Amino acid sequence: MASYLESNQERFLSELLDWLRIPSVSADPKFHGDVLRAAEYLKTRLEEVGIENVELCQTAGNPIVYGEKIIDPSLPTVLVYGHYDVQPADPYELWTSGPFDPVIKDGKIYARGACDDKGQVYMHVKAFEVLMQEGGVPCNVKVMIEGEEEIGSNNLGIFVRENKEKLKADVILISDTGMIANDTPSIEVGLRGLSYHEVEVTGPNRDLHSGLYGGAVANPINILCKMIASLHDENNHITIPGFYDNVDELSAEERAEMAKAPHSDDEFKQSIGLTDIHGEKGYSTPERVSIRPTLDVNGIWGGYTGEGAKTVIASKAYAKISMRLVPHQTSDEITALFQKHFESIAPASVTVKVKPHHGGEPVVTPTDSVAYKAAADAMETTFGKRPIPTRGGGSIPIVAMFKSELGLDTVLLGFGLDSDAIHSPNEHYGVFNFLKGIETIPHFYRNYAAAMVK
Ligand code: BES
Ligand code: MN
Ligand code: MN
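About the cut-offs
- Residues numbered from 1 in each chain as written.
- Chains lettered and ligands numbered in written order.
- Predicted model: local features only at pLDDT ≥ 70, side-chain atom pairs only at ≥ 80, totals over all residues.
- Heavy atoms only, no water.
- Core = buried A, V, L, I, M, F, W, Y, C linked by side-chain atoms within 4.5 Å.
- Buried < 20%, exposed > 50% of the residue type's maximum accessible area, 1.4 Å probe, protein only.
- Helix = DSSP H or I, 4+ residues; strand = E, 2+ residues; numbered from the N terminus.
- Contact = heavy atoms within 4.5 Å.
- Donors = N, O, S within 2.8 Å, 3.2 Å for Na, K, Ca; no water.
- Tetrahedral: all angles 85-135°; square planar, octahedral: opposite > 155°, others 65-115°.
- Domains from an automatic or database assignment.
- Buried area = accessible area lost by both parts, 1.4 Å probe.
- Salt bridge = Lys/Arg side-chain N within 4 Å of Asp/Glu carboxyl O.
- Polar contact = N/O pair within 3.5 Å; in protein donor to acceptor, adjacent residues only side chain to side chain.
- Nonpolar A, V, L, I, M, F, W, Y, C, P; charged D, E, K, R; others polar.
- Near = heavy atom within 4 Å.
- Areas by Shrake-Rupley, 256 points an atom, 1.4 Å probe, with all protein chains shown as cover.

Some points on the nonpolar core
And step 1. Counting residues in hydrophobic clusters, the biggest one holds 66 residues, and the most contacted among them are Trp19, Phe434, Phe444 and Tyr445.
And step 2. Counting residues per element, this core draws most heavily on helix H12 (residues 431-453), which supplies nine residues.
And step 3. Not counting the four nearest positions on each side in its chain, Tyr445 is found in contact with Val78, Val80, Leu131, Pro138, Cys139, Val141 and Leu173.

Details of the coordination of the manganese ion (ligand 3)
And step 1. Around the manganese ion (ligand 3), the protein contributes the donor atoms Asp116 (OD), Glu150 (OE), Glu150 (OE) and His423 (NE2), at 2.0 to 2.6 Å from the metal centre.
And step 2. One way to put it: the six donor atoms around the manganese ion (ligand 3) meet at angles of 55 to 156°, and that makes the site irregular.
And step 3. Between consecutive donor residues of the manganese ion (ligand 3), the sequence gaps follow D-x33-E-x272-H.
And step 4. Between the manganese ion (ligand 3) and the manganese ion (ligand 2), the interatomic distance is 3.6 Å, and Asp116 donates to each metal, bridging them. Of this pair, Asp116 sits in the loop between strand E5 (108-110) and helix H3 (118-133) while Glu150 sits in the loop between strand E6 (140-146) and helix H4 (154-162), and the two are 34 residues apart along the sequence.
And step 5. The buried category is assigned to Glu150, whose relative accessible area is 13%.

Some thoughts on the domain arrangement of the protein
And step 1. Taken domain by domain, the protein consists of domain 1 (4-191 + 362-452) and domain 2 (198-247 + 293-360).
And step 2. Carbon and sulfur atoms make up 60% of the surface buried where domain 1 meets domain 2, a total of about 620 Å² over both sides.
And step 3. At the surface where domain 1 touches domain 2, the tally comes to zero salt bridges.
And step 4. For the interface between domain 1 and domain 2, the tally reads two residue pairs in polar contact (both at pLDDT 80 or more).
And step 5. The residue inventory of the side of domain 1 that touches domain 2, partitioned by class, reads four nonpolar, five polar and one charged.

A look at the coordination of the manganese ion (ligand 2)
And step 1. Here the manganese ion (ligand 2) is held by the protein donor atoms His83 (NE2), Asp116 (OD), Asp176 (OD) and Asp176 (OD), which lie 2.0 to 2.4 Å from it.
And step 2. Geometry at the manganese ion (ligand 2) is irregular, judged from its six donor atoms and the angles of 56 to 165° they form at the metal.
And step 3. All donors to the manganese ion (ligand 2) come from one chain, and their sequence spacing reads H-x32-D-x59-D.

Quick notes on the site of ligand 1
And step 1. Surrounding ligand 1, one finds 16 residues, the nearest of these being Glu149, Asp176, Arg324, Ser395 and His423.
And step 2. Between ligand 1 and Asp176 there is a distance of 2.8 Å, counted from a nitrogen atom to a side-chain nitrogen or oxygen.
And step 3. Measuring from an oxygen atom of ligand 1, one finds a side-chain N or O atom of His423 at 2.8 Å.
And step 4. Taking 520 Å² as the accessible area of ligand 1 by itself, protein coverage stands at 87%.
And step 5. For the shell around ligand 1, the residue count by class is four nonpolar, six polar and six charged.

Structure, rendered in C-alpha cells:
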C-alpha cells in the first residue's frame, strides 16, 4: 500500500509551488505586500495541518509566523525555526524561467526560495501533516518561521529575548542548510558568523576631468582597490592585526577526522568553472569554507559604469565587505578591528567611512546530544547510510542567540546541496530532497521523543 506521503506528494509539491509564486523578498520594500501574503499563506497551511494558535507576531519589520501543538506539557518540545523571506532574484535575465514562476524540470523545483528556505520549511509543514495522519506527533511542537533572515534577523533577536516563556523548548530543529550529496547524507554541526561593512572613500569634493586633474589627485577608486588588495597577504591570510587572535585552531585529530568526508578539488573546480583553487595557505578547500575565517568584497562601485567611455575621476568609491567568522571570534570584536584597521590604512589624501551592517556569531552544535543522535538515526533510516557531521560555511545569525538567550542547542537537519544555487539565478531544490526531508523529519520526532521519555 502506498504511504500517505506517496499518495499525497503531488499535492505537497503543488502547495509549495503556490507559496514560491509569492515573491517574499525581504531586502526590497517594494515586495512588502508579498512578504505579508507569504506569511498569511504559511499561517493558513499550518492551521490546515493541525498546528494550533497560529498567529502572525508583529515586529518592527516583517511578521513572525508562530504556532504550536502541545499534546502534553510533560513531554519534550521541539521548536522548529525557518524563514519564509527570500533573497532578491536579480539578475533576472540570467534565470531560464521566472524566479517567481516555479517549474519542475529534470526532477528539480526552480524558483527563488525553492531551497532557501521555503522548500525546506514546507517539508516541516508536510512532515507534521504526515505525523498527524499516522497517529499524531509524539512530542510537543512549536513552529517559528521568520521573514527577515536574509536581512539579518534583527527583529527576531528582539522577539526571542522578549518571549522566552513562549519559546520554551528542549531543542531547536532547523532545515536551512545542506548536505554533501544525495547519496552522501551529512549534518552540519557548525555555522560561521558574519561581520558586514559598507565602506566609502572620498577624494576630491567633486568628480573631476581625468586629464585636467589626473596624476595630481588621489583617485578614490584606485585607493579603495589598493586598500582592499592589502587586506590579504601573499598566503591569503587576512592582514587585519588581531584578526586571528581568538580563532579556535582545530587539533590534528579533528582535522584528520574532517578530511574523511568525501571531497574532490577537481570536481569542486569543475562545478563552478574554475581553472585553479585558491585560498588560505595551509588549509584544504573544505577547511577554507568551514573552520577558517574569510574576508570578501561583495560589491564595489563608483565612477562611470555606463555605455562608452567617460574620462572622469570620481569623488567617491564604495564597497561592501564581509567577513565570515569562526569560533571563538565575535562579530563585535571583528567589527571593531576591521573599522580601526580600514581607517588606519587610508592615505591622508582621502577620507574613509566604515558603516557596519548586521552581524552574527559563529556556532558549533553538539554531536553527542540526544537530538543529534535522533537526527543522525533518522537520516540513516531514510538514506540507508550514517550521515557525516560537517562544519558549514554559511550563517544563520539567530542560532547563536537560541543558545545564549534560550539555552537551546540546535540540530541543522538540512537537505540542500551546494549545487542548488541558493542566492543565485536558477535556484532549485530536488524533488528527491523535498520528499526525503518529509520522510526523514517524522523519524526525527519519533527517535527524539522515544529517547527523551525513557
Ligand atoms: N540558509 C542560509 C545559510 C546557509 C546555507 C547555511 C547553506 C549553511 C548552508 C541563510 O539563509 C543565509 O543565506 N544566511 C546568510 C546570512 C544572513 C545574515 C544574510 C549568509 O550566510 O550569507
Ligand atoms: Mn536560509
Ligand atoms: Mn539565504
